[in-house]
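These are the residues of each chain, in order.
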Amino acid sequence: MTALLTLDHVTVRFGGVTALDGVSLEVHEGQICALIGPNGAGKTTAFNAISRLVRPASGEIRFAGRDLLAAHPADLAGLGIARTFQNLALWPGMTVLDNVMVGRHARGRTGFASSVLGWPGAKEDRELRARAYAMLDYFDIADVAARECTGLPFGTLKRVELARALVNEPRLLLLDEPAGGLTHGDVRELGELLRRLRDERGITLLLVEHHMQFVMGLSDYVFALDFGRDLVSGTPAELRDSAELVEAYLGTPV
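It should be emphasised that the depicted structure is a prediction, and the values quoted were computed from it without experimental measurement.

**Q** Quick one: what's the story with the overall build of the protein chain, residue by residue and with numbers?
**A** For the protein chain, the helix and strand inventory stands at ten helices and ten strands. Over its C-alpha atoms the protein chain spans a radius of gyration of 19 Å, differing by no more than 12% from the 18 Å that the globule rule assigns to 254 residues. Dimensions along the principal axes, computed over C-alpha positions, put the protein chain at roughly 60 × 40 × 35 Å. Looking at the protein chain residue by residue over its 254 residues, the buried ones come to 51%. Within the protein chain, contacts between residues separated by at least 24 positions form 67% of all contacts whose residues are at least 6 apart in sequence. Within the structure as shown, the protein chain displays about 12000 Å² of accessible surface, and the carbon and sulfur contribution to it stands at 51%. Taking the 26 positively charged and 32 negatively charged side chains of the protein chain as two groups, their mean positions are separated by 6 Å.

Structure follows, in structure tokens:
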């Protein structure tokens, strides 16, 4: 398999604090991978480095062979990278449909205002709305397209955020705590949905997640960090009885 995303000895510092210390990983095309570790391990910092929200002090990040650190953060959607956030980043006063349309504006020619507010650019506006509706239908939430996000169930809002990320047709989807706040039933459905995205749409996924049962049941490969450093990596079967991983989470040697 080809490495779609590569982090090579990436170090991130905030003042005198080293949040990532020489972290390396490879995510291969078509994989579902997880980045795990105890609180403060550096998982979100790694995501923010990939998303270009923070700049590493050293190291390389490459996506599809391209130097990602040379790209502007606003260019990531056009390159084929999408991200969801731990805290839902939806516009509560906008309809579900308009929230999903926001995810496509980075590839559009007329821009977000033209598409959502109905300004000139009618052909692209129609195409964008049709694409957004199709994505809502894929996630089984087309029935709430005209509803504002305020008041919708949390599990539905998670699907709205996924639809918004996927409407941009990414090759790589970064998921920050996708199972957080979901019921057991919602978590099970989310796992099935993410497998469908990989199998039916060929999307590669990298997720940060604390829900270990979810991670081990879903992932092809798992990377564990501790104190900003590479700890251990492998398939779920290889890591299930990892003494290093248990010690990092529990603080006690096994």
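From this point, the discussion proceeds with the structure in view.
**Q** Summarise the pattern of salt bridges; cite the residues concerned and give the values.
**A** For the coordinates displayed, the defined rule picks out eight salt bridges. Between D176 and R83 there is a salt bridge, with its nearest N and O atoms 3.3 Å apart. Highlighted residues: D176 in strand β7 (residues 172-176) and R83 in strand β6 (residues 81-84), separated in sequence by 93 residues. Taken as a pair, D176 and R83 share a single burial class, namely buried. For the salt bridge of D199 with R198, the shortest nitrogen-to-oxygen distance reads 2.5 Å. For D199, a relative accessible area of 55% corresponds to the exposed category. A single salt-bridge network, built from bridges that share partners, covers R198, D199 and D220.

**Q** Run through the packing of helix α6 (residues 154-166) against helix α7 (residues 184-201), naming residues and quoting values.
**A** Packing of α6 against α7 brings their axes to within 11 Å, and their N-to-C directions diverge by 15°. Taken together, the axes of α6 and α7 are roughly parallel relative to one another. The handedness of the crossing between α6 and α7 is right-handed. In this structure, α6 uses G155, R159, L162 and L166 to contact α7, whose residues at the interface are D186, E189, L190, L193, L194 and L197.

**Q** Kindly report on the sheet that holds strand β3 (residues 32-36), identifying the contributing residues and their values.
**A** Pairing in this open sheet of six strands is mixed, and the strands run β6-β7-β8-β3-β9-β10 from one edge to the other. Sheet topology places β6 and β10 (229-234) at the edges, where each strand pairs with a single neighbour. Taken over all neighbouring pairs, the strand axes of this sheet differ in orientation by 20° on average, direction set aside. Here β3 pairs with strand β8 (residues 204-208) via four bridges, running parallel. Counted as the bridge partner of I32 is L205 from β8. Across the sheet, α7 lies against β3, β7 and β8, angled at about 130° from β3, the strand it touches most.

**Q** Tell me what's going on with a negative patch on the surface, and back it up with residues and numbers.
**A** Where like charges cluster on the molecular surface, the negative patch consists of D8, E26, E60 and D67. Inspection of the secondary structure assignment puts D67 in strand β5 (residues 66-67). D67 gets classed as partly exposed once you look at its relative accessible area, which sits at 33%.

What counts and what doesn't
Residues numbered from 1 in each chain as written. Predicted model: local features only at pLDDT ≥ 70, side-chain atom pairs only at ≥ 80, totals over all residues. Heavy atoms only, no water. Helix = DSSP H or I, 4+ residues; strand = E, 2+ residues; numbered from the N terminus. Rg over C-alpha atoms; globule rule 2.2 N^0.38 Å. Buried < 20%, exposed > 50% of the residue type's maximum accessible area, 1.4 Å probe, protein only. Contact = heavy atoms within 4.5 Å. Areas by Shrake-Rupley, 256 points an atom, 1.4 Å probe, with all protein chains shown as cover. Lys, Arg positive; Asp, Glu negative; His and termini not counted. Charge placed at Lys NZ, Arg CZ, Asp CG, Glu CD. Salt bridge = Lys/Arg side-chain N within 4 Å of Asp/Glu carboxyl O. Axes fitted to C-alpha atoms, helices over the stretch in contact; angles between N-to-C directions. Parallel < 35°, antiparallel > 145°, perpendicular 65-115°, else oblique. Left-handed = near helix turned anticlockwise from the far one by under 90°. Pairing = 2+ DSSP bridges. Patch = residues over 30% accessible without salt bridge, like charges linked within 9 Å, V, L, I, M, F, W, Y side chains within 5 Å.

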